[in-house]
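# Remarks on the overall topology
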Amino acid sequence: MATVSMAFSLPALNSRTLRRVNRKPGLALATMNKEATAVGVRVTEGEGNLPKVVLTSAGGSEADIYLFGGCVTSWKVSSGKDILFVRPDAVFNKKKPISGGIPHCFPQFGPGPMQQHGFARNMDWSIVDSEIVEGNPVVTLELKDGPYSRAMWDFSFRALYKVILNAKSISTELTITNTDNKPFAFSTALHTYFSASVTGASVKGLKGCKTLNKDPDPANPVEGKEERDVVTFPGFVDCVYLDAPSELHLDNGLGDIISICSTNWSDAVLWNPHLQMEACYKDFVCVENAKIGNVQLEPEQSWIAKQHLGVS
Ligand SMILES: O=P(O)(O)OC[C@H]1O[C@H](O)[C@H](O)[C@@H](O)[C@@H]1O
């Protein structure tokens, strides 16, 4: 998918390089020296010439993360199979969020006073740290408020997003800190697109949850309760599950059972657009870790949520 060949090579990022790069956000590519290496964390040119972090684990798995949107777009297990999905209509020109992988919804999930799913998926994140832990690459991205976000949401904040790639899993940790002198509130989600065969895909673990079904009217969700042990995607699906369990299992219909474990992501959302996206709806399902009700943060307070996606 991505173009990785470049006119010049990029170095591996060690913590020192990253700290230096981070002092001049936006100049990351330009400030690098020209050694070629292949360790666990490197920056390269992705689609649309956008900077992309590539994580490679000792176990042979690989993940791509675009700084635009702080979006993990690919998680390939050692066989080379990509567990995540990027829609064929995705654009990599910063005019729209990247439609696929694990986009951030922050500081608003869904429609509301600001643009759908907030601004974090439309902004450039920067790299603040990286390390290799037992052969596994770890990178931490940062997003802070700027004129673009202030125009929609007039608060000072800091978001840190740590991504850890292991042989059979990818984990993320999102920390939102109120760096303002007044309280703020937000909702958020990791809008994860999984590769799937939609007719064979199903999710276990949601039975008994209170639901807010956005079908047929996303603006007026219907309250209900999930009665099924195994939730499938027989048509259009857009449903919020409140107080979802911390472990769900997705059968992607392609031979994989993916465990979706989370801490502090209290809710989950299932989404498949069915015929609204005729070209691709058969090839993915979204199982999103979400925080639907507002999180309130006082100045200097932080909120931390973790997600762990694993294959057996
Ligand atoms: O098209 P997007 O803005 O990326 O949103 C895609 C979808 O995201 C979530 O799953 C919402 O629950 C849906 O209502 C929305 O349609």
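One can find the structure itself at the top, above this paragraph.
Described below are features of the structure shown in this document. (Residues numbered from 1 in each chain as written. Predicted model: local features only at pLDDT ≥ 70, side-chain atom pairs only at ≥ 80, totals over all residues. Heavy atoms only, no water.)

Turning next to empty space enclosed by the protein. Counting across every chain of the model gives one cavity of 30 Å³ or more. In this structure, the largest cavity spans a volume of roughly 30 Å³. Along its surface, the largest cavity is lined by A244, P245, S246, L248, I260, S262, W265, D267, A268 and N289. Among the elements of the structure, β18 (257-263) and β19 (267-272) are those that each provide at least two residues to the lining of the largest cavity. Counted by class, the lining of the largest cavity contains six nonpolar, three polar and one charged residues. (1 Å grid on protein atoms, 1.4 Å probe; cavity = no way out; pocket = protein on both sides within 12 Å on 5 of 7 lines; lining within 4 Å. Points joined across faces, edges and corners; volume = space filled by probe spheres on them. Helix = DSSP H or I, 4+ residues; strand = E, 2+ residues; numbered from the N terminus. Nonpolar A, V, L, I, M, F, W, Y, C, P; charged D, E, K, R; others polar.)

Further remarks concern the side chain of K214. The topology assignment puts K214 in the loop between β13 (210-213) and β14 (222-225). The side chain of K214 is buried and forms no salt bridge, while D238, the nearest opposite charge, is found at 4.7 Å. Dropping the residues within four chain positions of it, K214 is found in contact with F109, P221, D238, C239 and V240. (Buried < 20%, exposed > 50% of the residue type's maximum accessible area, 1.4 Å probe, protein only. Lys, Arg positive; Asp, Glu negative; His and termini not counted. Salt bridge = Lys/Arg side-chain N within 4 Å of Asp/Glu carboxyl O. Contact = heavy atoms within 4.5 Å.)

So, on to the pairing of strand β4 (residues 71-76). The element β4 is largely enclosed, with a buried count of five among its six residues. With five bridges joining them, strand β3 (residues 62-66) and β4 adopt antiparallel strand pairing. Paired with Y66 across the two strands is C71, which belongs to β4. Counting the residues in the hairpin turn of β3 and β4 gives four residues, including G69, whose phi is positive at 85°. (Pairing = 2+ DSSP bridges.)

Moving on: the packing of aromatic side chains. Under the defined criterion, the tally for this structure stands at 19 aromatic pairs. Here the aromatic rings of Y66 and F92 are separated by 5.1 Å at their centres, their planes lie at 50°, and the arrangement is tilted. Note that Y66 is positioned in strand β3 and F92 in the loop between β4 and β5 (104-105), a separation of 26 residues in sequence. Summarising the burial analysis for this pair, Y66 and F92 share the class buried. The rings of F106, F119, W153, F155, F157, F184, F186, W265 and W303 are connected pair by pair, giving a single aromatic cluster. (Phe/Tyr/Trp six-rings, centres within 6.5 Å; stacked < 30°, edge-to-face > 60°.)

With that settled, consider the site of the ligand. All residues in the neighbourhood of the ligand are listed as F109, Q116, H117, R121, H191, K214, D238, V269, W271 and E288. At 2.5 Å, a side-chain N or O of H191 approaches an oxygen atom of the ligand. With respect to the ligand, the side chain of E288 contributes an N or O atom lying 2.7 Å from an oxygen atom. For the ligand, whose unbound accessible area comes to 390 Å², protein coverage reaches 81%. Considered class by class, the residues forming the shell around the ligand number three nonpolar, three polar and four charged. (Near = heavy atom within 4 Å. Polar contact = N/O pair within 3.5 Å; in protein donor to acceptor, adjacent residues only side chain to side chain. Areas by Shrake-Rupley, 256 points an atom, 1.4 Å probe, with all protein chains shown as cover.)

Attention now goes to the sheet that holds strand β2 (residues 51-56). Ordered in space as β1-β2-β3-β4, the four strands form an open sheet in which the pairing is antiparallel. Looking at the sheet topology across the chains shown, the edges are occupied by β1 (41-45) and β4. Ignoring which end each strand starts from, the neighbouring axes of this sheet average 25° apart. With five bridges connecting them, β1 and β2 associate as antiparallel partners. Note that in β2 the partner of T44 across the bridge is K52. (Axes fitted to C-alpha atoms, helices over the stretch in contact; angles between N-to-C directions.)

Attention now goes to the nonpolar core. Judged by nonpolar contacts, the single largest core of 65 residues is most densely connected at F194 and L206. Among the elements that make up this core, the one with the highest residue count is strand β8 (residues 157-165) (five residues). Once residues lying within four places of it in the same chain are set aside, the contact partners of L206 are E226, V231, Y241, A244, L248, A268 and L270. (Core = buried A, V, L, I, M, F, W, Y, C linked by side-chain atoms within 4.5 Å.)

One can find F157 in strand β8. Those residues in contact with F157 that sit more than four places away from it in its chain are F106, F119, L143, K144, D145, S149, T177, T179 and F184.

Backbone torsion omega between F106 and P107 reads 5°, so that peptide bond is classified as cis. In this fold, P107 is placed in the loop between β5 and β6 (126-133). Note that the residue after D215, namely P216, is joined by a cis bond; omega there is 15°. On the secondary structure map, P216 appears in the loop between β13 and β14. Of note in the backbone geometry, H117 takes a positive phi value of approximately 65° without being a glycine. Residue position: H117 is located in the loop between β5 and β6.

This paragraph deals with the side chain of D238. Tracing the backbone shows D238 in strand β16 (residues 237-242). With near-sequence residues (within four places) excluded, D238 lies in contact with L212, N213, K214, D215, V269, L270 and W271.

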